[in-house]
Structure formats: C-alpha cells, structure tokens
Amino acid sequence: MTPESPALVQLPKGNRVYLTFDDGPDARWTPRILDILAKAQARATFFVVGRQARGQAALVRRIAAQGHEIGNHTWSHRHPWTMLSSDARREVRDGAAAIADILGYGPRFFRPPHGCLRRCMIEEARALGQAVVLWSLSAVDWGVLGTAAGVAARLDAVQDGDIVLMHDGRGLINRPWQTASVLPVFLDGLRQRGLRAERLD
Ligand SMILES: [Zn+2]
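From a predicted model like this one, the values you see are computed outputs, not experimental measurements.

Quick notes on the rules
- Residues numbered from 1 in each chain as written.
- Predicted model: local features only at pLDDT ≥ 70, side-chain atom pairs only at ≥ 80, totals over all residues.
- Heavy atoms only, no water.
- Buried < 20%, exposed > 50% of the residue type's maximum accessible area, 1.4 Å probe, protein only.
- Helix = DSSP H or I, 4+ residues; strand = E, 2+ residues; numbered from the N terminus.
- Axes fitted to C-alpha atoms, helices over the stretch in contact; angles between N-to-C directions.
- Left-handed = near helix turned anticlockwise from the far one by under 90°.
- Contact = heavy atoms within 4.5 Å.
- Nonpolar A, V, L, I, M, F, W, Y, C, P; charged D, E, K, R; others polar.
- Core = buried A, V, L, I, M, F, W, Y, C linked by side-chain atoms within 4.5 Å.
- UniProt positions renumbered as here; feature names shortened; annotations may be inferred.
- Pairing = 2+ DSSP bridges.
- Right-handed = clockwise from strand over helix to strand, strands pointing away.

A. Spatial organisation of helix α1 (residues 29-39). Among the residues of α1, Trp29, Thr30, Pro31, Ile33, Leu34, Ile36 and Leu37 are the ones counted as buried. Remark: Gln41 follows α1 within two positions and exhibits a positive phi of approximately 50 degrees.

Structure (structure tokens):
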C-alpha cells in the first residue's frame, strides 16, 4: 500500500509517531496491549470491527477511557472488492454506528480492510465525517512473516511522523501475541529516541 495515497491524512511531524491497532477488540489481546500502552504512557488508535465491538462494549469503553482513539474498520471486515457498492457503503455506516452506539459519539477516522481504497467506501466515510487513514509503516504482525524478531525489526525502522500498522485482533492470520511481546521494548526505544506515541488527532 502506498503511503502517498491522496486519501491518507497528513499528520504533523514533531517527534510523534501514531500507533494503530486493527481488527479488534479482542477479549484476550486488547487488554494486554492496553496495559502495555498504559505503563509506557503511550496513546494509540484502535480501528475496531463493528460487530466485534458490539459484543464487547465494555472493552471498547475501556479503550476510549484510557485516552485512545477509536476508529472505524467496517462492520465485519469483508474484503472491499467482494461486495456490491451498496453493501460496501453499509459496511462503513454500520461500523461507525456500532462505535457511536457504545461511545455516544461517532468515529473520526476510517481505515478500510486490507487498506483497499474503494471509492464508494471512501465517499461514505467522508460523508460521515471520517478521515481515511492508511499507514506508512507496517509491523506485518501476521502470517509467516509475523515472528517476534521480524515484527521487532520492522518496528525498529520507525521514523518521526510514521503511522504504524499493528493488530490487537486475531482476524484470520494475525499474531497479536507477537505484537504484544515486542511492544514494551519498542515503546521503550521510542522514549529513548524522544518520540512520543500519540493517537490520531
Ligand atoms: Zn483489518
């Protein structure tokens, strides 16, 4: 995915990186990651899947209560290219509605599954007031590349202003346990470099 996409929001540099966690909430791994972030006083953005969020409202509220941003990652994480446009638009709407039902306010950011920028979904998100966010650095914390060493090495390349893609949800092939295992050292490294982990804003 190209970070130069026109749909990617522009964020200020200034010793900041933007950590993002997708495909949750996950009853096991989201709380673990929240604890790690809290200990490091780091903020992040969680792109939640609406139908999972609806089943774990308390966990969604906890994410927000700990100062993190909650973004829309559609209702069910269906692949953007496998739907009629009417269904694709509904995925965006229902994902946002699930968050609004829990928090009392709608999400400000949208990230399409797999980073696929399907025009109708982008239009729908923007009509709902959500900025579309991809990423500039991926931890690739899934599949065969998602080893702890591999994830750590990729995270090591983080630069000022990066939007970092990670996963707290298991999805089909994600490995959030690897992410959780390397996150404390990564956050410590950020602090040593004078980089603050912030939520999207
Ligand atoms: Zn995803």
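B. Quick peek at the packing of helix α4 (residues 85-103) against helix α5 (residues 119-127). Where α4 meets α5, the axes come as close as 9 Å, and the angle between the chain directions of the two elements is 35 degrees. In this structure, the crossing between α4 and α5 has a hand that is right-handed. Between α4 and α5, the residues in contact are Ser85, Ala88, Arg89, Glu91, Val92 and Arg93 and Cys120, Met121, Glu123, Glu124 and Ala125, respectively. Looking at side-chain class alone, the contact of α4 with α5 contains five nonpolar, one polar and five charged residues.

C. Quick look at the nonpolar core. Counting 37 residues, the largest nonpolar core has Leu19, Phe21, Leu37, Phe46, Leu183 and Leu187 as its most contacted members. Breaking this core down by element, the ones donating at least two residues are β1 (16-24), α1, β2 (45-48), α3 (57-65), α4, α6 (148-156), β7 (163-167) and α7 (176-192). When residues no more than four places from it in sequence are discounted, the contact partners of Leu183 are Phe21, Ile33, Ile36, Leu37 and Met166.

D. Main features of the UniProt feature "domain: NodB homology" (unreviewed entry) in the protein chain. In this numbering, the UniProt entry assigns the feature "domain: NodB homology" (unreviewed entry) to residues 15-198. The annotated region residues 15-198 carries 43% helix and 17% strand content, and the separation between its end C-alpha atoms amounts to 10 Å.

E. View of the pairing of strand β3 (residues 69-72). On β3, burial covers both faces: Glu69 and Gly71 on one face and Ile70 and Asn72 on the other are all buried. Here four bridges tie β2 to β3, and the two strands are oriented parallel to one another. Its bridge partner lying in β3, Val48 is registered against Asn72.

F. Representation of the pairing of β1 within the structure. Most of β1 sits inside the fold, with eight of its nine residues counted as buried. As paired strands, β1 and strand β8 (residues 196-198) are joined by three bridges and run parallel to one another. By the bridge assignment for β8, Tyr18 is matched with Glu198. For β1 and β2, the ladder comprises four bridges, and the chain directions are parallel. Each bridged residue has a counterpart across the sheet, and for Thr20 the counterpart in β2 is Thr45. In this region the chain leaves β1, passes through α1 and returns to the parallel neighbour β2; the handedness of that crossover is right-handed.

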